[in-house]
Amino acid sequence: MKLLVVEDEKALAQGLKFNFEQEGYTVLTAEDGPTALNYFQECYESDKESVDLVVLDLMLPGMSGYEIAKEIRRIDEVVPILVLSARELSEDKAYAFDCGTDQYMTKPFALPELLSRVKNLLKRKSLVKPALSQSRKLPALYEFGNVIVDFESFEIEVDGERKSLTNLELRLLKYFIEHEGMVLTRSQILEDVWGEQSAFVTTRTIDNFVLRLRKLVEANPAEPVHIVSVRGAGYRFMPEDVVD
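Before going into details, it helps to say that this report is about the structure given with it. This is a predicted model, so every value here is computed, not measured.

Rules and cut-offs
- Residues numbered from 1 in each chain as written.
- Predicted model: local features only at pLDDT ≥ 70, side-chain atom pairs only at ≥ 80, totals over all residues.
- Heavy atoms only, no water.
- Helix = DSSP H or I, 4+ residues; strand = E, 2+ residues; numbered from the N terminus.
- Expected span 1.5 Å × (residues − 1).
- Buried < 20%, exposed > 50% of the residue type's maximum accessible area, 1.4 Å probe, protein only.
- Salt bridge = Lys/Arg side-chain N within 4 Å of Asp/Glu carboxyl O.
- Core = buried A, V, L, I, M, F, W, Y, C linked by side-chain atoms within 4.5 Å.
- Phe/Tyr/Trp six-rings, centres within 6.5 Å; stacked < 30°, edge-to-face > 60°.
- Lys NZ or Arg CZ within 6 Å of the ring centre and 35° of its normal.
- Pairing = 2+ DSSP bridges.
- Right-handed = clockwise from strand over helix to strand, strands pointing away.

Details of helix α6 (residues 167–178)
And step 1. Given a rise of 1.5 Å per residue, twelve residues ought to cover 16 Å, and the 16 Å separating the end C-alpha atoms of α6 matches this to within 8%.
And step 2. Taking burial as the measure, the twelve residues of α6 include ten buried ones, the bulk of the element.
And step 3. Taken as a whole, α6 has its buried residues at N167, L168, E169, L170, L172, L173, K174, Y175, F176 and I177.

Points about the pattern of salt bridges
And step 1. Counted by the stated rule, this structure contains 13 salt bridges.
And step 2. When the shortest N-O distance is used, the salt bridge between K107 and E7 registers 2.8 Å. With a gap of 100 residues between them, K107 in the loop between β5 (103–106) and α5 (111–133) and E7 in the loop between β1 (2–6) and α1 (10–22) connect regions that are remote in the sequence.

Quick notes on the nonpolar core
And step 1. Ranked by size, the top nonpolar core spans 30 residues in total, and within it V149, I156, L172, F176, I189 and W194 carry the most contacts.
And step 2. Secondary structure elements with two or more residues in this core: β6 (141–144), β7 (147–150), β8 (155–158), α6, α7 (186–194), α8 (203–217) and β12 (234–237).
And step 3. In terms of residue count, the dominant contributor to this core is α6 (seven residues).
And step 4. Of all hydrophobic cores here, the second largest spans 24 residues; its members include A30, V51, M63 and F97.

Some words on the packing of aromatic side chains
And step 1. Applying the stated rule across the entire model yields six aromatic pairs.
And step 2. Note on Y142 and F144: the rings are 6.1 Å apart at their centroids and 45° apart in plane angle, and the pair reads as tilted.
And step 3. For the pair F144 and F237, a centre-to-centre distance of 5.1 Å together with 85° between the ring planes defines the contact as edge-to-face. With F144 in strand β6 and F237 in strand β12, this residue pair connects regions lying 93 residues apart in the sequence. We note that F144, like F237, is buried.
And step 4. Ring-pair connections join several aromatic residues into one group, and the members of that group are Y142, F144 and F237.
And step 5. A cation over a ring is seen here: K174 above F151, with NZ or CZ 5.6 Å from the ring centre.

Here's the deal with the pairing of β1
And step 1. Within β1, five of the five residues are buried, leaving the element largely enclosed by the surrounding structure.
And step 2. The side-chain alternation of β1 yields two buried faces, one formed by K2, L4 and V6 and the other by L3 and V5.
And step 3. Relative to strand β2 (residues 26–30), β1 is paired through five bridges, and the arrangement is parallel. Across the sheet, the residue bridging to L3 is V27, located in β2.
And step 4. Handedness of the crossover joining β1 and β2 through α1 is recorded here as right-handed.
And step 5. In this sheet, strand β3 (residues 53–56) lies alongside β1 in parallel orientation, the contact comprising four bridges. Counted as the bridge partner of L3 is L53 from β3.

This is how it looks when you write it as structure tokens:
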């Protein structure tokens, strides 16, 4: 397993590298965003040497950890990203999750907990990746109703007007599209879309995100025809204008 540690504090980066290597991992370190993304891209293009997990600081020179997370998510949707930051505000954590990170630990941290979280994230990745390889393959552009979804630019076009999506909004919309016509429970969605973040959110969060998506893609959000509610169960995505 190969880890990428993105940390500009050299002593901490070397300490993490040493401890991870003691656990049997191969470790790359980067002090800034461009270097980290260059390493990640090079490894990604060589599948046998791809990065299996990223440990990411948020306060970095030139390019923030949030920006790095977004760029990594454009390249790889499933690689685990664990934030290790001195930022403690709930707003910082929420935004990190919106950018596509999986777990968040604050400094100072307990090494056994960090090692345990890394181990669990890697185990989860080994289970998720095969399942994703069997999921429905979507084109870069997907059209339904009067909506065109651009998965690469994180944008949708509705009646000629382009709108940007957050990472989680796009992930949720893509999840609905991949499971077209299926009834999806809130617990299913929470587990599959939010993953390790699910410990920090509730099913009410899903309802709020669905409302946000409806405002973006539905002609009348109060009477949705694409992301429809299934009473007592959850939601279902319908590409055609058919009310459930």
